Amino acid sequence: MSFKLPFIKAKSKKTAHLNELENIPRHVAIIMDGNGRWAQKRGLPRIAGHKEGMDVVRKVAKAASDMNVKILTLYAFSTENWKRPSKEVEFIMRLPKEFIHVYLPEMIENNVRIETIGNMNDIPEHTKKAVAYAKEQTKNNDGLLLNFALNYGSRFEIMEAMKRVMSDVKASKLSIDALDEQEFSKYLYTEGLSDPDLLIRTSGEQRLSNFLLWQSAYTEFWFTEVLWPDFNEDLLIKAFKEYQRRKRRYGGI
Ligand code: V0D
């Protein structure tokens, strides 16, 4: 006789063994590129690619959580993305609500905490509301931190940090001599988070595009031609194995 265990999610066979492997990247950052191109290749509107990409977020979050990744930072919307057609931007801005509507129960079940980095000021009110709800509902979870970069740009982040540093110096809350890398990091959106160990970019481009410039000073980069909607657990494992291989090599020296 077999019983179904409704609330205990099994880890997949693929990830079960990796769990025990040393050097699982603690913080993984991903530039989820190629959604529009994925759709256009199929004769679909670009927004169909963004929708498909959203489902991949869920799958990759589950796989990362199973492999004991602590932080998954996803570049969901850059400060540059406002230049896209307004209909496309409007569609993208509805995705958080959709994601939360469909997947929040599963996120809670998997002990995932949802957070964001970026400038929330210019995000539409309805999107902010949905995201705030997801954060509130998951704030006490201590499993994977699913960190969405929304309206994020690194230069803006660093510039805003610098302005606040200057303001604190002016108000004598900070002395110039006390300002070091560790202190400066506290002024960034990523305050309190460890730097990414591994950064993945899909869709063939091999640049940082204003993502986590300060934070990725020592990060390993891994690129794939695969478009984000075609990304999956197997590719995540492939990236982790390459990461582990590189770490072993440094270790040998
Ligand atoms: C579009 C591919 C989930 C990349 C993934 C507003 C581009 C799908 C979220 C999400 C986006 C954000 C916050 C949250 C819950 C879900 C998301 C955006 C774009 C930008 F609390 N997918 N997703 N947000 N895409």
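Please refer to the structure higher up on the page.
Cut-offs and rules
Residue positions are given per chain, counting from 1 as you read along its sequence in written order. Only residues with pLDDT of at least 70 are given local features in this predicted model, and only at 80 or more are side-chain atom pairs given and counted; all residues enter the totals for whole chains, interfaces and linings. The side-chain quantities take in all heavy atoms of the structure and omit both hydrogens and water. Pairing between two strands is assigned when DSSP locates at least 2 bridges connecting them. Helix numbers and strand numbers start at the N terminus; a helix is a DSSP run of H or I with at least 4 residues, a strand a run of E with at least 2. Structural elements are reduced to axes, namely lines fitted to C-alpha atoms, with helices fitted over the stretch in contact, and the angle between N-to-C directions of any two is expressed from 0 to 180 degrees. We count a salt bridge whenever a side-chain nitrogen from Lys or Arg sits within 4 Å of a carboxyl oxygen from Asp or Glu. Residue exposure (1.4 Å probe, protein chains only): buried if accessible area is under 20% of the type maximum, exposed if over 50%, otherwise partly exposed. Any pair of nitrogen or oxygen atoms within 3.5 Å is treated as a polar contact; in protein, a donor-acceptor pairing is required on top of that, and neighbouring residues in sequence qualify only through side-chain atoms on both sides. Any residue with a heavy atom lying within 4 Å of a molecule or strand is counted as near it. Residue-level accessible areas treat just the shown protein chains as cover; the underlying method is Shrake-Rupley with a 1.4 Å probe. Gly falls in the polar group here, along with every residue not listed as nonpolar (Ala, Val, Leu, Ile, Met, Phe, Trp, Tyr, Cys, Pro) or charged (Asp, Glu, Lys, Arg). In this description, contact between two residues means that some pair of their heavy atoms is separated by no more than 4.5 Å. We call two directions roughly parallel when the angle between them is under 35 degrees, roughly antiparallel when it is over 145, roughly perpendicular when it lies between 65 and 115, and oblique otherwise. Each crossing is labelled by how the near helix is turned from the far one, with a counterclockwise turn of less than a right angle marking it left-handed and a clockwise turn marking it right-handed. For this analysis, a ring pair means two rings from Phe, Tyr or Trp (six-membered ring only for Trp) whose centres lie within 6.5 Å, classed as stacked if their planes differ by under 30 degrees, edge-to-face if by over 60, and tilted for the remaining angles.

### As for the sheet that holds strand E6 (residues 220-223)
- Taken together, the 6 strands give an open sheet; going across it, the order is E3-E4-E2-E1-E5-E6, and neighbouring strands pair in parallel fashion. The open sheet has two free edges, formed respectively by strand E3 (113-117) and E6, since each of these has just one partner strand. When strand polarity is set aside, the average angle formed by the axes of neighbouring strands in this sheet is 20 degrees.
- Examined bridge by bridge, strand E1 (residues 27-31) and strand E2 (residues 71-78) share 5 bridges and lie parallel to one another.

### Here we look at the pattern of salt bridges
- Across all of its chains, the model carries 17 salt bridges by this definition.
- A salt bridge links Glu 88 to Arg 46; the shortest N-O distance between them is 2.9 Å. Of the two residues, Glu 88 sits in helix H4 (residues 86-109) while Arg 46 sits in helix H3 (residues 46-66), which places them 42 residues apart along the sequence.
- The class for Arg 46 is partly exposed, based on a relative accessible area of 28%.
- In this structure, Arg 245 engages Glu 242 in a salt bridge whose closest nitrogen and oxygen atoms are separated by 3.0 Å. Of the two residues, Arg 245 and Glu 242 are both situated in helix H8 (residues 233-252); the distance of 3 residues between them amounts to about one turn of the helix.
- Overlapping salt bridges bring together Glu 220, Glu 242, Arg 245 and Arg 246 as one network.

### Side note on the side chain of Ser 216
- Locating Ser 216 in the fold gives a position in the loop between strand E5 (198-201) and E6.
- A polar contact of 2.8 Å, which involves the side chain of Ser 216, links it to the backbone oxygen of Leu 212.

### What to know about the site of the ligand
- The immediate surroundings of the ligand are formed by 19 residues, with Asn 35, His 50, Leu 95, Phe 99 and Phe 148 found nearest.
- Contact with the protein chains removes 99% of the 530 Å² of surface that the ligand exposes when unbound.
- Among the elements that take part in the shell around the ligand, H4 stands out by supplying 6 residues, more than any other.
- Partitioned by chemical class, the residues of the shell around the ligand number 16 nonpolar, 3 polar and no charged.

### Let's talk about the side chain of Thr 138
- Along the polypeptide, Thr 138 turns up in helix H5 (residues 125-138).
- There is a polar contact of 2.9 Å between the side chain of Thr 138 and the backbone nitrogen of Ile 114.
- Those residues in contact with Thr 138, other than ones at most four positions away along the chain, are Leu 104, Ile 108, Val 112, Arg 113 and Ile 114.

### Here's the deal with the packing of H4 against H5
- Viewed as axis vectors pointing N to C, H4 and H5 meet at an angle of 15 degrees, and their least axial separation amounts to 8 Å. Between H4 and H5, the interaxial angle falls into the category roughly parallel. Here H4 runs over H5; the crossing is left-handed. Each of Met 93, Arg 94, Pro 96, Lys 97, Ile 100, Leu 104 and Ile 108 in H4 lies in contact with H5, whose residues at this interface are His 126, Thr 127, Ala 130, Val 131, Tyr 133, Ala 134, Gln 137 and Thr 138.
- In terms of residue class, the contact of H4 with H5 is made up of 9 nonpolar, 4 polar and 2 charged.

### Considerations on the packing of aromatic side chains
- As enumerated under the stated definition, the model contains 10 aromatic pairs in all.
- Pairing Tyr 152 with Phe 211 gives two aromatic rings, centres 5.8 Å apart and planes at 90 degrees, and the pair type is edge-to-face. Remark: Phe 211 occurs in the loop between E5 and E6 and Tyr 152 occurs in strand E4 (residues 145-152); sequence separation between them is 59 residues. Here the two residues Tyr 152 and Phe 211 agree in accessibility, since each one is buried.
- What links up through ring pairs into an aromatic cluster is the set Tyr 75, Tyr 152, Tyr 189 and Phe 211.

### Brief notes about unusual backbone geometry
- Backbone geometry places Ser 172, a non-glycine residue, at a positive phi of 60 degrees.
- Mapped onto the elements of the fold, Ser 172 is located in the loop between helix H6 (154-170) and helix H7 (181-185).
- The exposure class assigned to Ser 172 is exposed, which follows from its relative accessible area of 66%.

In short, the description is geometric, and any link to function would need to be established separately.
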